Structures are given as structure tokens and as C-alpha cells.
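# A closer look at the structure
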Amino acid sequence: MESKKEIKKSKERQIETQLQNVEKTIEVAKKIDKEKKKEQEENEKRLKKLEDKIGAISEDLKNQLITQNKFGKHFDDLIEDYIFLVRLKDDLQYDISLNGLRYDSMTGNGYTTSKPNESVQNLLKVNAQMLKILQDLDLKAPDEGGEDGDDLL
């Protein structure tokens with residue numbers, strides 16, 4: 001039978017181990033929180049840059065329509081559709097930059113498998129639709145003003 005001192009020391013060691021585990025968990029949580037804040041700041045910068053780009057694109061497309069004497073709600077609606085697709089394209093590109101062309105997924109059996117990122121195929125479809133809208137409006141792709149040159153247009 002253990003003495004009271006041994007039991008007390010054993011409990012103290014358990015408490016000390018638990019305290020160390022809590023401290024490690026807090027450190028990991030702080031690190032994760034810091035990473036999330038950084039990612040959120042980067043995303044906000046990306047969205048700000050995107051809104052500036054969208055303003056320039058919208059203005060350019062409208063100016064092209066005006067020079068072709070094309071007026072009306074139909075044309076405005078098509079430009080809005082194009083702008084929606086610009087936002088969607090940017091989101092898809094962002095997803096690909098974060099997750100890559102493929103990502104790992106857990107199967108129902110508990111195995112890890114690599115799957116293609118659906119954003120890649122969706123990006124191609126969105127890009128094709130954007131080109132179709134420009135073709136239907138008889139417009140040229142506007143200069144998006146980006147230095148990164150990652151756009152497919």
C-alpha cells in the first residue's frame with residue numbers, strides 16, 4: 001500500500017503534467033489564432049485590391065459600350081454578370097493558391113486519398129463564360145491593371 005506522501009507526490013506529478021499540457025495547448029491555440037489573423041488580413045488586402053480592379057474593369061467595359069453606341073439595361077446586366085464572374089474567378093484562384101491543385105481527403109474507411117481541387121475545373125468554366133460575354137458584347141478584355149499576370153484572359 002502506498003503511503004500518503006507517495007500518493008500526494010503522484011497526484012502532484014499528474015497535476016504538473018496536466019498543467020504542462022494545458023500550457024502547450026494554449027501555445028498552439030495562440031499560434032493558430034495568429035496564423036488565422038494573418039490569413040484574414042491577407043484576404044482583406046486581396047479583396048480591397050479586387051474591388052479596385054473591378055471598378056477599373058467595369059468602367060472600361062462601359063466606356064467600350066459607349067464608344068460602340070450600345071446602351072440599355074441588357075448591356076448593363078451583362079456587365080454585372082461579367083463583374084460577378086471576375087469576383088468568382090478571383091475566389092477560385094485564391095482557393096487554388098491556398099489548397100493547391102490536389103488536396104488530401106479522408107475516406108469513409110479512414111484512409112487518406114488525394115483528390116483534385118474542383119476549383120481548377122470551375123476556373124476554366126468561369127473563364128470560358130467571361131470570354132463568351134465579351135464576345136457577345138463585341139468587347140475586348142479590359143486591362144485589369146494587375147502586375148501579377150496570373151489571369152487567364
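Scroll up to find the structure this text is about.
Structural notes, computed from the coordinates. (Residues numbered from 1 in each chain as written. Predicted model: local features only at pLDDT ≥ 70, side-chain atom pairs only at ≥ 80, totals over all residues. Heavy atoms only, no water.)

## Let's talk about the overall build of the protein
What counts is decided by this rule: Strands here are runs of E lasting at least two residues and helices are runs of H or I lasting at least four, both read from the DSSP assignment and numbered beginning at the N terminus. All radius of gyration figures rest on C-alpha atoms, and the globule criterion is 2.2 Å times the number of residues raised to 0.38. Relative accessibility under 20% of the residue-type maximum defines a buried residue, over 50% an exposed one, and the middle range a partly exposed one, all with a 1.4 Å probe and only protein chains included. Contacts are residue-level and defined by heavy atoms, with any inter-residue pair within 4.5 Å sufficient. The accessible surface values rely on the Shrake-Rupley method and a 1.4 Å probe; as for residues, cover is taken only from the protein chains in view.
From N to C terminus, the protein includes three helices and two strands. Reading the protein from its N end, one meets helices and strands in the order α-α-β-β-α. Rg of the C-alpha trace for the protein: 27 Å, well past the compact-globule value of 15 Å for 153 residues, more than 25% over. A principal-axis box enclosing the C-alpha atoms of the protein has dimensions of 100 × 35 × 30 Å. Burial analysis of the protein (153 residues in total) assigns 22% to the buried set. Put simply, of all contacts in the protein between residues at least 6 apart along the chain, 65% involve residues at least 24 apart. Put simply, the protein shows about 12,000 Å² of open surface, and 52% of that area lies on carbon and sulfur atoms.

## Side note on helix α3 (residues 118-137)
The test is simple: A helix's residues, less one, multiplied by 1.5 Å, set its expected span. Think of the arc as the fan of directions from the helix axis to the C-beta atoms. Side-chain atoms alone can form a polar contact between residues adjacent in sequence; in general such a contact is a pair of N or O atoms within 3.5 Å, and within protein one must be able to donate a hydrogen while the other accepts it.
Here α3 is 20 residues long and its end C-alpha atoms lie 29 Å apart, about the 28 Å a rise of 1.5 Å per residue gives. Among the residues of α3, S119, L123, V126, N127, M130, I133, L134 and L137 are the ones counted as buried. For α3, the buried positions fall inside an angular range of 120 degrees around the axis, keeping them on one side. Along α3, the residues that are exposed and aim more than 90 degrees away from the buried face are E118, K125 and Q135. On the buried face of α3, the contacting elements are α1 (4-67) and α2 (73-99). For α3, the capping residue at the N-terminal end is N117, with a side-chain oxygen 3.0 Å from the backbone nitrogen of S119.

## Observations concerning the packing of aromatic side chains
The following threshold applies: For Phe, Tyr and Trp, where Trp contributes only its six-membered ring, two rings pair if their centres lie within 6.5 Å, and the inter-plane angle classes them as stacked under 30 degrees, edge-to-face over 60, or tilted in between. Ring-over charges, as used throughout, are those where CZ of Arg or NZ of Lys falls within 6 Å of the ring centre and within 35 degrees of the ring normal.
Counted under the stated rule, the structure contains zero aromatic pairs. If you follow R46 out to its NZ or CZ, it ends over the ring of Y94, 4.1 Å from the centre.

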